[in-house]
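# Breakdown of the fold
The residues making up each chain are set out below.
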Amino acid sequence: MPYYRTVGEVPRKRHVQFRRPDGGLYAEELMGEEGFSSDSSLLYHRHLPTAIIKAEAVEPTSATALTPNLPLSPRHFRTQDLPTGGDLVTGRGLLAGNADVRMSYAASETPSELYRNSMGDECVYIADGRVRFESTYGVIEAGAGDYVVIPTGTIHRWVPQGRVTAFAIEAAGHIRPPKRYLSKYGQFLEHAPYCERDLRTPQEPLTVEGEEVPVLVRTRGGLTRLVYRNHPFDVVGWDGCLYPYAFNINDFEPIVKRTHAPPPVHQTFEGPNFVICSFCPRPLDFHPDAVPIPYNHHNVDSDELMFYAGGDYTARKGSGIDVGSISLHPAGFTHGPQPGAVEAVIEAVRQGHTQTSELAVMVDTFRPLDLGPAGLSVEDPAYAWTWAR
């Protein structure tokens, strides 16, 4: 993250003696990226964060095999038809993915167990409901429209307050704000569509008593359940530039121009070989002769996966796309508005329509996406032919 935070109690200097009230030393834990060469935070535990007493392999609770997108085709997945079940970690249904990123959907009312993803960062978009995100850094209360960005290796759990639906993006690396939004020192620049004030972070430590506490750990080798001698939520303070945070999609300030702007103006985050974009309500293009709708386009270097989170997506009217739908438009296929949509929106502008109401999260990948079992289980088989009606 581009700015420094301190929460709870920390000593004046790093790596000096910092003692508990009983005279014992707090245990330091450095959470750092890219070895010791990038962002990090220093956490102070009441107990040793290294003390494990048991380890066991865990079989995945949901199908995770990917299938190539063959024959090459645009796809439409109806997440509305996926069942509620499991939790926001083990209950994720895999929609699509590749070696860089995997996208899943979950609908749950059940608290998750403690979880640590040691393969990469996660960005979880809360589509509906309220959830308490608890971690070694503290608590974030999240709700509909929130992106929750979780650094690699963070021990955390999700506690829903009723039914919660979520679109999970799991990276094989780190998820960060786009470099073009930041100064060379890491501050958000004036042209960025959001800034530090829009980010919500843990405000105070979270301490929980407990012994023999299991933590589900994901690594490149699979899933392991480690049992810790003491509860990992025993941090009395931390400081640094690496921590989980929430950003609400409604705080994204759209960048507009007189004629239609391409998707990079919607970019919100970047990961290894992929980007995440937010499509938010905004003024329609206002050139007198503007065509205020996406033009047909063929992204020769990327696959485009779109989660339709809310509002009215005018360009897709008549395709079967609805709130909760996910479309996948692969490289090799030219896509654009549905037949009749261009004239319809031009006429709407003539009638005084001045703003979009769409709300969507898009992931563009720069390597092909394969198809996940959950996506295929709720696919609309007629979607590919809707442009030919």
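Residues numbered from 1 in each chain as written. Predicted model: local features only at pLDDT ≥ 70, side-chain atom pairs only at ≥ 80, totals over all residues. Heavy atoms only, no water.

### Quick word on the overall build of the protein
This is how it is decided: Helix and strand assignments come from DSSP, with helices taken as H or I runs of at least 4 residues and strands as E runs of at least 2, each series counted from the N terminus. Radius of gyration here is computed from C-alpha atoms only, and the compact-globule reference equals 2.2 Å multiplied by the residue count raised to the power 0.38. Working definition: with a 1.4 Å probe on protein chains only, accessible area under 20% of the residue-type maximum means buried, over 50% means exposed, and in between means partly exposed. Only heavy atoms enter the contact rule, under which two residues are in contact if any of them lie within 4.5 Å. Here, Shrake-Rupley sampling with a 1.4 Å probe gives the accessible areas, and only protein chains in the shown set may cover a residue. A residue counts as positive if it is Lys or Arg and as negative if it is Asp or Glu; His and the chain ends are not included. In this description, the location of a charge corresponds to atom NZ of lysine, CZ of arginine, CG of aspartate or CD of glutamate.
Broken down by element type, the protein carries two helices and 25 strands. The C-alpha atoms of the protein give a radius of gyration of 22 Å, which matches the 21 Å a tight globule of 389 residues would have. Oriented by its inertia axes, the alpha-carbon framework of the protein measures out at about 75 × 45 × 35 Å. When each of the 389 residues of the protein is scored for burial, the buried share is 52%. For the protein, the proportion of contacts with a sequence separation of at least 24, taken over those separated by at least 6, is 76%. Accessible area of the protein: about 17,400 Å², with a carbon and sulfur share of 52%. Computing the positive centroid from 35 side-chain charges and the negative centroid from 47, the protein places the two 3 Å apart.

### Observations regarding the pairing of strand 17 (residues 222–230)
Note the following rule: Think of it this way: DSSP has to see at least two bridges between two strands before they count as a pair.
Note that strand 4 (residues 52–58) and strand 17 share six bridges and pair antiparallel. Looking across to strand 17, one finds that Glu56 is bridged to Arg225. In terms of strand pairing, strand 16 (residues 211–219) meets strand 17 through eight bridges, oriented antiparallel. If you follow Leu216 over to strand 17, its bridge partner there is Arg225. In sequence, strand 16 turns back onto strand 17 through a hairpin of two residues.

### Quick word on the UniProt feature "domain: Homogentisate 1,2-dioxygenase N-terminal" (unreviewed entry) in the protein
To keep it simple, the criterion reads: UniProt positions are given in the numbering used here, feature names are shortened, and annotations may be inferred rather than shown by experiment.
Look at the UniProt record and you will see "domain: Homogentisate 1,2-dioxygenase N-terminal" (unreviewed entry) annotated at residues 24–248. The span residues 24–248 is 0% helical and 47% strand by assignment, and the distance between its end C-alpha atoms comes to 41 Å.

### Quick look at the packing of aromatic side chains
Our working rule: Here a pair means two rings of Phe, Tyr or Trp (six-membered ring of Trp) with centres within 6.5 Å. Their orientation is stacked below 30 degrees between planes, edge-to-face above 60, and tilted elsewhere.
Per the stated rule, a full pass over the model turns up 18 aromatic pairs. Measuring from centroid to centroid gives 6.4 Å for Tyr147 and Phe247, while their planes differ by 5°, and the two rings are stacked. Here Tyr147, found in strand 12 (residues 146–150), pairs with Phe247, found in strand 19 (residues 245–248); they are 100 residues apart in sequence, far enough to count as distant. Here Tyr147 falls in the buried class, since its relative accessible area comes to 0%. Given the relative accessible area of 0%, Phe247 is considered buried. An aromatic cluster is defined as three or more aromatic residues linked by ring pairs; in this entry it consists of Tyr105, Tyr125, Tyr147, Phe167, Tyr181, Phe188, Tyr194, Phe247, Phe269 and Phe307.

### A short note on the pattern of salt bridges
What counts is decided by this rule: Any carboxyl oxygen of Asp or Glu that lies within 4 Å of a side-chain nitrogen of Lys or Arg is treated as forming a salt bridge with it.
One pass over the structure, following the stated rule, counts 18 salt bridges. Ionic pairing is found between Glu379 and Arg75, a salt bridge with its closest N-O pair at 3.1 Å. With Glu379 in the segment after helix 2 (373–377) and Arg75 in strand 5 (residues 75–78), this pair connects stretches of sequence that are 304 residues apart. Linking Glu134 and Arg132 is a salt bridge whose minimum nitrogen-to-oxygen distance equals 2.6 Å. Overall, Arg132 belongs to the partly exposed group, its relative accessible area being 26%. Linked through salt bridges whose partners overlap, the residues forming this network are Arg132, Glu134, Glu141 and Arg157.

### Focus: empty space enclosed by the protein
Filter applied, for reference: Any residue with an atom within 4 Å of a point lines the site, the site being either a cavity, points on a 1 Å grid over the protein atoms alone where a 1.4 Å probe fits but cannot get out, or a pocket, an open set with protein on both sides within 12 Å along at least 5 of 7 lines. Grid points are joined across faces, edges and corners, and a volume is the space filled by probe spheres set on the points.
Summed over the entire model, instances satisfying the criterion amount to four cavities of 30 Å³ or more. Considered as a void within the structure, the largest cavity measures approximately 120 Å³ in volume. At the level of elements, strand 2 (27–32), strand 3 (40–45) and strand 17 are the ones that each hand at least two residues to the lining of the largest cavity.

### A look at the layout of surface pockets
This is how the line gets drawn: The nonpolar class holds Ala, Val, Leu, Ile, Met, Phe, Trp, Tyr, Cys and Pro. Asp, Glu, Lys and Arg form the charged class, and all remaining residues, Gly among them, are polar.
By volume, the second largest pocket amounts to about 570 Å³. Surrounding the second largest pocket, 29 residues form its lining, Thr64, Arg102, Met119, Glu170 and Arg218 being those nearest its centre. Looking at the lining of the second largest pocket, the elements that each hand over two or more residues are strand 7 (101–108), strand 8 (115–117), strand 14 (164–171), strand 16 and strand 17. Residues belonging to the lining of the second largest pocket are distributed by class as follows: 13 nonpolar, eight polar and eight charged.

### Section: the environment of Gly186
Mapped onto the fold, Gly186 is located in the loop between strand 14 and strand 15 (199–200). Taking relative accessible area as the criterion, Gly186 reaches 11% and is therefore assigned buried.

### Notes on the side chain of Glu33
Structurally, the position occupied by Glu33 is in the loop between strand 2 and strand 3. Apart from residues lying up to four places away in sequence, Glu33 is in contact with Ser38, Asp39, Asp121, His174, Arg176 and Leu242.

### Here we look at the sheet that holds strand 18 (residues 235–240)
Counted only if it meets this: Interaxial angles span 0 to 180 degrees and are taken between N-to-C directions of axes, which are lines fitted to C-alpha atoms, for helices over the stretch in contact.
The sheet built from four strands is open, its strands ordered 1-18-3-2 with antiparallel pairing. Because the sheet does not close on itself, it has two edges, and the strands there are strand 1 (5–8) and strand 2. Pairs of neighbouring strands in the sheet enclose a mean axial angle of 15°, with direction left out of account. When strand 2 meets strand 3, the two strands line up antiparallel, connected through six bridges.

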